[in-house]
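Summary of the model geometry
Here's the letter readout for the chains.
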Amino acid sequence: MTDTRNTQYLFKTGSDLGLQHMNFLAEIFDRHTFGVLDPIAVRAGQRCLDLGAGGGSVTRRLADQVGPTGEVVAIDIDTTHLTDGPPIAVHRHDINDGLSGPIAGPYDLIHARLTLTHLPRRDAIFTELVDALAPGGWIVIGDASGRPLSVLSARSEQDVAVWKRIQHLSHEVVSPAGGIDFGWAHRIDDAMAGAGLTNVHGIEVSETVNGGSPGALLHAALNLQAREPLLAAGAEPRELERYQELTRDPEFRTWFYQFICLRGRKAPA
């Protein structure tokens, strides 16, 4: 999958492995996302946009809230795992091409999780999303920061070295080459303030994960999908094999990604 600005999207979310990836994201992050979304109190009849809808867990939550008289527009560049049907309208679309036609605003709520961090035009796209809000509408953005995923417990120093090396190649070499900017998460608040949004509120959360947990298995799925770029960046096949083993070893424990999620409101008319 590619976007329209010549950057390769690293993860094939339409594959079986991609579905595992999407399911792990929902299991790990939905409770935090809903904690930021729910105080907005989306109502029946409202219109929402779920950008980068992935496996559709947030889309379905919003659909339950807007009911049959509302609409949830779900956009992704791969819609394999999204189900179309009222009140959900699924569109296979690259946000780099803007919001027009049936996906144009205004929206009462716009949500994007782990999406803008992948897009080199994230600042311009954020502005476009704010412009697509109805007066009084809300935007919720959640992304992962670049905080190091430090090892807390391992069987050997060699395992720690393998983890650190693959994390370095993943986050400092392969991800930037694919257009990912982990620094964006810490700029969301500034972006919301700069856009004139009010009632800005956010959370920062993280947790430890052991091998075999959803967080560790998400690492495994991401690593498998990025195998070829990692090899091209200098990873050795045995290092990647050991990395996979570590993500399933209950004695191996690390910090997981720091998730930053904020909401802000456009001024009423």
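Preceding this section is the structure that the text describes.
Now for a look at the structure at hand. (Residues numbered from 1 in each chain as written. Predicted model: local features only at pLDDT ≥ 70, side-chain atom pairs only at ≥ 80, totals over all residues. Heavy atoms only, no water.)

We describe a pair of aromatic rings using the distance from one ring centre to the other and the angle between the two ring planes. As enumerated under the stated definition, the model contains 7 aromatic pairs in all. Between F182 and Y257, the ring centres sit 6.5 Å apart and the planes meet at 15°, which makes this aromatic pair stacked. Pair noted here: F182 is in the loop between α4 (157–177) and α5 (188–194) and Y257 is in the loop between β9 (253–255) and β10 (259–265), with a separation of 75 residues, a long-range link. Residue classification places F182 among the buried residues on the basis of a relative accessible area of 17%. Since its relative accessible area comes to 12%, Y257 is described here as buried. An aromatic cluster is present here, built from F29, F182, F256, Y257 and F259 joined pairwise through their rings. The ring of F34 carries R61 above its face, with NZ or CZ at 4.0 Å from the centroid. Across the ring face of W255, the terminal group of R147 is positioned such that the distance to the ring centre comes to 4.9 Å. (Phe/Tyr/Trp six-rings, centres within 6.5 Å; stacked < 30°, edge-to-face > 60°. Helix = DSSP H or I, 4+ residues; strand = E, 2+ residues; numbered from the N terminus. Buried < 20%, exposed > 50% of the residue type's maximum accessible area, 1.4 Å probe, protein only. Lys NZ or Arg CZ within 6 Å of the ring centre and 35° of its normal.)

Counted according to the given criterion, the structure contains 13 salt bridges. The partner of E71 in a salt bridge is R47, with the nearest N and O atoms 2.7 Å apart. Pair noted here: E71 is in strand β2 (residues 71–76) and R47 is in strand β1 (residues 47–51), with a separation of 24 residues, a long-range link. According to the relative accessible area criterion, R47 is buried, its value standing at 17%. The partner of E128 in a salt bridge is R121, with the nearest N and O atoms 3.1 Å apart. A relative accessible area of 29% places E128 in the partly exposed class. Sharing partners across several salt bridges, the network here consists of D159, R238, E241, R242 and E245. (Salt bridge = Lys/Arg side-chain N within 4 Å of Asp/Glu carboxyl O.)

Further remarks concern the packing of helix α1 (residues 16–37) against helix α2 (residues 57–66). Direction vectors running N to C along α1 and α2 enclose 40°, while the axes themselves pass 10 Å from each other. In the packing of α1 onto α2, the handedness of the crossing is right-handed. Two secondary-structure elements touch here, α1 through A26, D30, T33, F34 and L37 and α2 through S57, V58 and R61. (Axes fitted to C-alpha atoms, helices over the stretch in contact; angles between N-to-C directions. Left-handed = near helix turned anticlockwise from the far one by under 90°. Contact = heavy atoms within 4.5 Å.)

Pairing is mixed in the open sheet, where 7 strands are placed in the order β3-β2-β1-β4-β5-β10-β7. Edge positions in the open sheet fall to β3 (88–92) and β7 (198–205), since each of these has one partner strand only. Ignoring which end each strand starts from, the neighbouring axes of this sheet average 15° apart. Contacts from helix α3 (residues 122–131) reach β1, β4 (107–113) and β5 (133–144), with the element oriented near 150° to β5. (Pairing = 2+ DSSP bridges.)

Turning our eyes to something else, we now look at the sheet that holds strand β6 (residues 151–153). Sheet architecture is open: 3 strands sit in the order β6-β9-β8, paired in antiparallel fashion. The two strands at the open ends of the sheet, each matched to only one other strand, are β6 and β8 (208–210). The mean angle between the axes of side-by-side strands here comes to 30°, regardless of whether they run parallel or antiparallel. Strand direction decides the pairing type here: β6 and β9, joined by 2 bridges, are antiparallel. The partner of V151 across the bridge, within β9, is T254.

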